[in-house]
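Residue-level structural notes
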Amino acid sequence: MSFNWPVRVYWEDTDAGGIVFYANYLKFFERARTEWLRAAGVEQHQLREDTGLMFVVAATSLRYAAPARLDDLLTITVEPEPAGRASLVVRQRALRGDTLLAEGEIRIGCVRAQDLKPQRLPDAVIAAIAS
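Residues numbered from 1 in each chain as written. Predicted model: local features only at pLDDT ≥ 70, side-chain atom pairs only at ≥ 80, totals over all residues. Heavy atoms only, no water.

Here's the deal with helix α1 (residues 24-39)
The end-to-end C-alpha separation of α1 is 23 Å, in line with the 22 Å expected for 16 residues at 1.5 Å each. Once α1 finishes, Gly 41 follows within two positions and takes phi at roughly 90 degrees, a positive value. (Helix = DSSP H or I, 4+ residues; strand = E, 2+ residues; numbered from the N terminus. Expected span 1.5 Å × (residues − 1).)

Written as structure tokens, this is what we have:
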């Protein structure tokens, strides 16, 4: 299953060379993951209020292939892998048309908000992201 989210490149996203600053791809990926969860019916603030659980990024790995520039319209993809007990891996790409700009793998952990201890993903969340 792949989820796509459009992102426009603004001045604030670029560096002195006029290309997207490398760290901003992490922001683009984060926004797309949030919208993917929302589309699956998982509101993160509601998850925290109802269960005391939240998601944290445990690891990232990114590879940059080509630059994006001001006003480019990008597509950010979200492709979840089967969930573990307390974490899941999400593969993501930034594309301009068919051109790959960046790709990465993000490991997301589920933790208790009060002490950040790992917790099993709720069954409702597993079902929502699997659909």
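Moving on from the coordinates now.
Brief notes about a nonpolar patch on the surface
On the surface, Phe 21, Tyr 22 and Tyr 64 cluster together into a nonpolar patch covering about 320 Å² of accessible area. With respect to the element layout, Phe 21 can be found in the loop between β1 (3-8) and α1. Its relative accessible area of 35% is what places Phe 21 among the partly exposed residues. (Patch = residues over 30% accessible without salt bridge, like charges linked within 9 Å, V, L, I, M, F, W, Y side chains within 5 Å. Areas by Shrake-Rupley, 256 points an atom, 1.4 Å probe, with all protein chains shown as cover. Salt bridge = Lys/Arg side-chain N within 4 Å of Asp/Glu carboxyl O. Buried < 20%, exposed > 50% of the residue type's maximum accessible area, 1.4 Å probe, protein only.)

Brief notes about the pairing of strand β5 (residues 99-112)
Sheet faces and side chains relate simply in a regular strand, where the side chains alternate between the two faces. In the sheet, strand β2 (residues 53-64) pairs with β5 via eleven bridges, with the strands oriented antiparallel. Paired with Thr 60 across the two strands is Ile 106, which belongs to β5. Bridge analysis of strand β4 (residues 87-96) against β5 gives ten bridges, and the strand direction is antiparallel. The partner of Arg 96 across the bridge, within β5, is Thr 99. Linking two consecutive strands that pair antiparallel, namely β4 and β5, is a turn of two residues; a positive phi of about 65 degrees is found at Gly 97 within it. (Pairing = 2+ DSSP bridges.)

As for helix α3 (residues 123-130)
Taken together, the buried positions of α3 are occupied by Val 125, Ala 128 and Ile 129. In an axial view of α3, the angular spread of the buried residues amounts to 90 degrees, which keeps them on one side of the axis. Along α3, the residues that are exposed and aim more than 90 degrees away from the buried face are Asp 123 and Ala 130. Along its buried surface, α3 packs onto α1, α2 (44-51), β2, β3 (73-80) and β4. (Arc of directions from axis to C-beta. Contact = heavy atoms within 4.5 Å.)

Some thoughts on the side chain of Asp 13
Checked against the element boundaries, Asp 13 lands in the loop between β1 and α1. Within the buried set, Asp 13 has no salt-bridge partner at all; the shortest N-O distance to an opposite charge, 5.1 Å, is to Arg 31. Those residues in contact with Asp 13 that sit more than four places away from it in its chain are Arg 8, Ile 19, Val 20, Phe 21, Asn 24 and Phe 28. (Lys, Arg positive; Asp, Glu negative; His and termini not counted.)

Description of the sheet that holds β2
The strands making up a sheet associate through backbone hydrogen bonding, with each pair oriented either parallel or antiparallel. The strand order across the open sheet formed by five strands is β1-β3-β4-β5-β2, and the pairing between neighbours is antiparallel. The sheet is open, and its two edges are formed by β1 and β2, each paired on a single side. Across the sheet, the axes of successive neighbouring strands diverge by a mean angle of 25 degrees, strand direction being ignored. Those strands touched by α1 are β1, β2, β3, β4 and β5, and its axis lies near 115 degrees from that of β4. (Axes fitted to C-alpha atoms, helices over the stretch in contact; angles between N-to-C directions.)

So, the pattern of salt bridges
Taken as a whole and assessed by the stated rule, the structure comprises nine salt bridges. The partner of Glu 103 in a salt bridge is Arg 63, with the nearest N and O atoms 2.8 Å apart. Residue Glu 103 is found in strand β5, and its partner Arg 63 is found in strand β2; the two are separated by 40 residues along the sequence. Glu 81 is the salt-bridge partner of Arg 91, the closest N and O atoms lying 2.5 Å from each other. Taken together, the residues span a long stretch of sequence, with Arg 91 in strand β4 and Glu 81 in the loop between β3 and β4 at a distance of ten residues. Of the residues examined, Arg 91 reaches a relative accessible area of 38% and is grouped as partly exposed. Glu 81 sits in the partly exposed class, given a relative accessible area of 31%.

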